[in-house]
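Letter by letter, the chains look like this.
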Amino acid sequence: MRFAASKVQGSVAGAAPRRVSRRRRVLAGLAWAALCFAGLGTGAVQAQTFASLPSLQVGAEPQGAARPIAAWVTFCQSYAAECAVDRSEPARISLTPATWATIVSVNRRVNKSVEPQTDMEHLHVADRWDLAEDGIGDCEDFQLLKRHLLAEAGLPRRAMRMTVVIDEKGEGHAVLTLITDRGDMVLDNKTNAIVPWHKTGYVFIKRESQDATAWVSLGGVTSPVTTANR
């Protein structure tokens, strides 16, 4: 993923029929699995047990406005519903055993099902945000697809925010922050483990706002100009 360039023009509606068909198969299969797993409570599908979660953690604190990612702006033009903020939705996810099972299963399923490639390798463009329509994507595509499926399963989109961090290699990286009643939990394509934000080892730079179609700073000093994470 590279944050400095624009997304290739064209929405899903204008995609080639073969690509749309594959996208539908990928999304339908993942959605079916997520909904099936949602009823399994604290069963064997969970990599982490609900009981092991912290009772309460402090979330990352927004510190004012931040410049949106260029490719995110273009993504929102084609996928407006994925970027819309409904302030009537809860600002936090109430974690229950069933909700946690859904989150864990979707995270694992997407990480397993999407083939990791950078946008340059895949599409020969610097940066494009989408829902991994053809089953291939880089870091932000994994997280956008996870949010799409979790929202379909009933979780509030407003409490699931795309987030930019500096990773263990010193590179820009995109993760999905779930703002919950047990703190901010991070979904990542580099690992199936879902951990509190302050235990990731990442430097948190900025994320989508919960109040508008915009971004807020999380206090990181240097915002990445480009990234190339799968």
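Bear in mind that the values here come from a model prediction, so they are computed numbers and not experimental data. (Residues numbered from 1 in each chain as written. Predicted model: local features only at pLDDT ≥ 70, side-chain atom pairs only at ≥ 80, totals over all residues. Heavy atoms only, no water.)

A. The arrangement of the confidence of the model for the protein chain in detail. Summary statistics for the protein chain give a mean pLDDT of 81 and a share of 75% for residues scoring 70 or more. This stretch, residues 1-21, has a pLDDT under 50; its non-local contacts, to residues over four places away or in other chains, come to 60 contacts. For the stretch residues 31-47, pLDDT sits under 50, and the model shows 27 contacts to residues farther than four places along the chain or on other chains. (pLDDT = per-residue confidence, 0-100. Contact = heavy atoms within 4.5 Å.)

B. Looking closely at helix α2 (residues 70-78). Taken together, the buried positions of α2 are occupied by A71, W72, T74, F75 and C76. Looking at the packing, one finds that the buried side of α2 touches α3 (80-83), α6 (139-152), β8 (203-208) and β9 (215-217). (Buried < 20%, exposed > 50% of the residue type's maximum accessible area, 1.4 Å probe, protein only. Helix = DSSP H or I, 4+ residues; strand = E, 2+ residues; numbered from the N terminus.)

C. Region of the structure containing the packing of aromatic side chains. Considering all chains together, one arrives at three aromatic pairs under this definition. Here the aromatic rings of W72 and W215 are separated by 5.7 Å at their centres, their planes lie at 90°, and the arrangement is edge-to-face. A residue pair is termed long-range when its members are at least 10 positions apart, and W72 in helix α2 and W215 in strand β9 qualify at 143 residues. For W72, a relative accessible area of 4% corresponds to the buried category. Given a relative accessible area of 2%, W215 falls into the buried group. Positioned over the ring face of F50 is R182, at 4.6 Å from the centre of the ring. (Phe/Tyr/Trp six-rings, centres within 6.5 Å; stacked < 30°, edge-to-face > 60°. Lys NZ or Arg CZ within 6 Å of the ring centre and 35° of its normal.)

D. Representation of the packing of helix α4 (residues 97-113) against α6. Across the interface, α4 lies against α6 with an axial gap of 10 Å and an inter-helix angle of 140°. In terms of axis orientation, α4 runs oblique to α6. Considering how the two elements wind past one another, α4 and α6 form a crossing that is right-handed. Together, T102, I103, V106, N107, V110 and N111 of α4 and F142, L145, K146, L149 and L150 of α6 make up the contact between the two elements. Grouping the constituent residues of the contact of α4 with α6 by class yields seven nonpolar, three polar and one charged. (Axes fitted to C-alpha atoms, helices over the stretch in contact; angles between N-to-C directions. Parallel < 35°, antiparallel > 145°, perpendicular 65-115°, else oblique. Left-handed = near helix turned anticlockwise from the far one by under 90°. Nonpolar A, V, L, I, M, F, W, Y, C, P; charged D, E, K, R; others polar.)

E. View of the environment of S55. Relative to the helices and strands, S55 resides in the loop between α1 (17-38) and β1 (65-66). For the pair formed by S55 and R182, sequence separation is 127 residues and the distance between their alpha carbons is 5.7 Å. Sequence-distant contacts of S55, defined by excluding residues within four places in its chain, comprise D181 and R182.

F. Quick look at the environment of V85. Residue position: V85 is located in the loop between α3 and α4. A sequence separation of 129 residues divides V85 from A214, and the C-alpha atoms of the two residues are 9.4 Å apart. Apart from the residues within four sequence positions on either side, V85 is in contact with R158, R161, S209, Q210, D211, A212 and T213.

G. Spatial organisation of the nonpolar core. Counting residues in hydrophobic clusters, the biggest one holds 42 residues, and the most contacted among them are W100, I103, W129, M160 and W215. Among the elements of the structure, α2, α4, α6, β4 (160-166), β5 (172-180) and β6 (183-187) are those that each provide at least two residues to this core. Among the elements that line this core, the one with the most residues is α6, at seven residues. Apart from residues no more than four positions distant in its own chain, M160 is found in contact with I93, R147, L150, A151, L155, L176, T177, L178 and E208. The next biggest cluster of nonpolar side chains, apart from the first, holds seven residues, and it includes V165, Y202, F204 and L218. (Core = buried A, V, L, I, M, F, W, Y, C linked by side-chain atoms within 4.5 Å.)

H. Layout of the pairing of β4. Burial analysis of β4 places seven of its seven residues in the buried class, which makes it a mostly covered element. Of the two faces of β4, the one lined by M160, M162, V164 and I166 and the one lined by R161, T163 and V165 are each fully buried. As defined by bridge partners, β4 adjoins β5 across seven bridges and the pair is classed as antiparallel. Each bridged residue has a counterpart across the sheet, and for M162 the counterpart in β5 is L176. Note that β4 and β8 share four bridges and pair antiparallel. By the bridge assignment for β8, T163 is matched with R207. (Pairing = 2+ DSSP bridges.)

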